[in-house]
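Examining the three-dimensional arrangement
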Amino acid sequence: MIYNFKNKTYELNDVKIYAIEQGEGPLVIMVHGWPESWYSWRHQIQPIADMGYKVIAIDVRGYGNSSKPLEIEKYDMLSLIGDLIKIIQKEKSKKAILIGHDWGAPICWNTAALHPDKVKAVIGLSVPHAKRGKISNIELWRQLYKEKFFYQLYFQKEGVAEKELEKDIAKSLRKIYFSGSGEGRDARVRTNPDKNSSFLDGLIDPKPFPKWLSQKDLNFYVKQFEKSGFRGPINRYRNQDRDWKNIPELSNLTIEVPSFFIGGGKDAIRKFIKDYDAYENPGKYCNNFYGKLIIDDVGHWVQQEAPEKTTQGILNFLNKLEKK
């Protein structure tokens, strides 16, 4: 193990969830996004534990050392929320503070919306909380990007993206991580806009990679995806219609627990919808919002690109919670 953290495996009803554990105290669960690992929280785990918390950083189902069901529906939002609720129960904790990045953010936001009795507070990174729309997100992307390539639409056909990304995992991850980073945005790295292109077509394989991700770090991620493949992680994208149909109550629910948002100023997610900045008012549907931290010079991988600023933002929020 690169870091001297404890590890454990939760035996849930239908899956096993691998996690890193550090510290003692109130429970904090950290949930990564695509395509990552518990390891994306490596800079934050110890400082949060040192503040007096028990930190659990999980491998989301489909990733790393966690179970990897084959079926698409095993990665729907209710299943992922269920994993968090069961972990809270396994820890014999009344409530947990949830911190999520990328897909991990809506998993945490929606857990807080549906189970406020189990969540003390929530922090979302890169993806603000949004209510259920009049149509599913994937249907929105179908309409907005019908004449252009958009990766989430490309991911819908089983096996296609998996085959492309698994051909050379190290190169795939280098390209993905660089394209989403602040340096990638500055270099105007984009996938080929032709709607018939592949995901990696047009992306740069940087040599050397920016210093925020070392070769040792990249090697860790590569080993994780050699173990898991990409099917489970990509299956999350294939559940957006199902989620929209299965959780209609998200049309009305707001986040009632204390909440906070952190984002990278150069994150492409903030401009997925033309002429709309998703980071302008990330607390729009949060009734106890503690504000936002936008770190201007970084991109999507905010807790890795700007670890000190991100960690300090989290610690400041936790400190305010303790004083409340």
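Computed from a predicted model, the values in this text were never measured in an experiment.

1. Side note on the overall build of the protein
Helix and strand counts for the protein come out as 13 helices and eight strands. For 324 residues, the compact-globule estimate of 2.2 N^0.38 gives 20 Å, and the protein sits close to it at 18 Å. Overall, the C-alpha framework of the protein stretches about 50 × 45 × 40 Å when taken along its three principal axes. Burial analysis of the protein (324 residues in total) assigns 57% to the buried set. Intrachain contacts of the protein at a sequence separation of at least 6 include 77% that bridge at least 24 residues. Of the roughly 14300 Å² of accessible surface on the protein, 48% is carried by carbon and sulfur atoms. Here the protein holds 51 positive side-chain charges and 41 negative ones, and the gap between their average locations is 1 Å.

2. A closer look at the pattern of salt bridges
Per the counting criterion, the structure on display carries 18 salt bridges. The partner of K54 in a salt bridge is E21, with the nearest N and O atoms 4.0 Å apart. Placement of K54 in strand β4 (residues 54-58) and of E21 in strand β2 (residues 16-22) is noted, with a sequence separation of 33 residues between them. Under the relative-accessibility criterion, K54 is labelled buried at 14%.

3. Re the pairing of β4
Buried residues dominate β4, accounting for five of its five residues. Side-chain alternation along β4 places K54, I56 and I58 on one buried face and V55 and A57 on a second face that is also buried. Bridge count between strand β3 (residues 27-31) and β4: five bridges; the pairing is parallel. Looking across to β4, one finds that M30 is bridged to A57. After leaving β3, the chain enters helix α1 (residues 42-50) and then returns to the sheet as β4, a path that is right-handed.

4. Some points on α1
In an α-helix, one turn spans 3.6 residues, which is why side chains three or four residues apart end up on the same side. All of the buried residues in α1 are R42, Q44, I45, I48 and A49. Buried positions in α1, seen along its axis, are confined to an arc of 155° and lie on one side of it. Directly after α1, the chain includes G52, whose backbone phi takes a positive value near 105°.

5. Comments concerning the nonpolar core
I29, W34, I48, I58, Y177 and F199 are the most contacted members of the largest nonpolar core, which totals 103 residues. With seven residues, the top contributor of residues to this core is helix α2 (residues 77-90). With residues up to four places along the chain from it excluded, the contact list for I48 reads V28, M30, Y53, V55, I99, I314, L315 and L318.

6. Let's talk about a positive patch on the surface
Together, K163, K167, K171 and K207 line one region of the surface with positive charge. Take K163: it is sitting in helix α6 (residues 160-166). Taking the relative accessible area as the measure of exposure, K163 reaches 68% and is therefore exposed.

7. Concerning the side chain of Q304
Considering the arrangement of structural elements, one finds Q304 in helix α12 (residues 302-305). Beyond its immediate chain neighbours, meaning those up to four positions away, Q304 contacts E36, S40, R42, H43, W212, L213 and Y221.

8. Focus: the packing of aromatic side chains
Counted by the stated rule, this structure contains 33 aromatic pairs. Seen from their ring centres, W141 and F272 are 5.7 Å apart, and the 85° between their planes marks the pair as edge-to-face. Taken together, the positions of W141 in helix α4 (residues 137-144) and F272 in the loop between β7 (259-264) and β8 (289-295) put the pair 131 residues apart, joining distant regions of the chain. A relative accessible area of 7% places W141 in the buried class. With relative accessibility at 17%, the residue F272 sits in the buried group. On the numbers, 5.4 Å between centres and 85° between planes, the contact of F150 with F272 is edge-to-face. Taken together, the positions of F150 in the loop between α4 and α5 (151-154) and F272 in the loop between β7 and β8 put the pair 122 residues apart, joining distant regions of the chain. Accessibility assignment for this pair places F150 and F272 in one class, buried. Connected via pairs of aromatic rings, a cluster forms that spans W34, W103, W141, Y145, F149, F150, Y151, Y154, F155, F199, Y237 and F272.

Quick notes on the rules
- Residues numbered from 1 in each chain as written.
- Predicted model: local features only at pLDDT ≥ 70, side-chain atom pairs only at ≥ 80, totals over all residues.
- Heavy atoms only, no water.
- Helix = DSSP H or I, 4+ residues; strand = E, 2+ residues; numbered from the N terminus.
- Rg over C-alpha atoms; globule rule 2.2 N^0.38 Å.
- Buried < 20%, exposed > 50% of the residue type's maximum accessible area, 1.4 Å probe, protein only.
- Contact = heavy atoms within 4.5 Å.
- Areas by Shrake-Rupley, 256 points an atom, 1.4 Å probe, with all protein chains shown as cover.
- Lys, Arg positive; Asp, Glu negative; His and termini not counted.
- Charge placed at Lys NZ, Arg CZ, Asp CG, Glu CD.
- Salt bridge = Lys/Arg side-chain N within 4 Å of Asp/Glu carboxyl O.
- Pairing = 2+ DSSP bridges.
- Right-handed = clockwise from strand over helix to strand, strands pointing away.
- Arc of directions from axis to C-beta.
- Core = buried A, V, L, I, M, F, W, Y, C linked by side-chain atoms within 4.5 Å.
- Patch = residues over 30% accessible without salt bridge, like charges linked within 9 Å, V, L, I, M, F, W, Y side chains within 5 Å.
- Phe/Tyr/Trp six-rings, centres within 6.5 Å; stacked < 30°, edge-to-face > 60°.

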